[in-house]
Amino acid sequence: MQPIDQFGTVTESSFAARVGMSVVDSAGHDVGTVSAVQAPGTDVRPDAVAGVAEVLMGTGYLRVDGTGALSNDVYVSGEQIGDVTDAVRLTVARAELPRATS
């Protein structure tokens, strides 16, 4: 992870989020909590399948710790972030997010 400041905040274009923020999907359902933030153009490869990982690296991404006992961590591309205020609000449903492979 390459945080921009001591709080782990990354701001590039309209991409801004912090570790620990809540994430909700387009329907307002809880997705989880941001556990990692990577700016667009990162060299840090996410634990995602080939093809998806490269797209995430190009757009920037969030790794989100899923909610619930059986949930996996998921990735959110920079293009799927609708708004960042007190929480990260997505433009897609949770089911559309790629799951972490590990």
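Residues numbered from 1 in each chain as written. Predicted model: local features only at pLDDT ≥ 70, side-chain atom pairs only at ≥ 80, totals over all residues. Heavy atoms only, no water.

1. Here we look at the environment of Ala53
Note that Ala53 resides in helix α1 (residues 52-59). For Ala53, a relative accessible area of 0% translates into the label buried. Separated by 22 residues in the primary sequence, Ala53 and Tyr75 place their C-alpha atoms 9.4 Å from one another. In contact with Ala53, other than residues within four places in its own chain, are Arg45, Pro46 and Ala48. (Helix = DSSP H or I, 4+ residues; strand = E, 2+ residues; numbered from the N terminus. Buried < 20%, exposed > 50% of the residue type's maximum accessible area, 1.4 Å probe, protein only. Contact = heavy atoms within 4.5 Å.)

2. With respect to the pattern of salt bridges
Enumeration over the complete set of coordinates arrives at 4 salt bridges. Here Arg45 and Glu54 are joined by a salt bridge, their closest N and O atoms 2.5 Å apart. Its salt-bridge partner being Arg89, residue Asp86 comes within 3.2 Å of it at the nearest N-O pair. Assessed through its relative accessible area of 34%, Arg89 is described here as partly exposed. If you follow the salt bridges from partner to partner, you end up with Asp47, Arg63 and Asp73 in one network. (Salt bridge = Lys/Arg side-chain N within 4 Å of Asp/Glu carboxyl O.)

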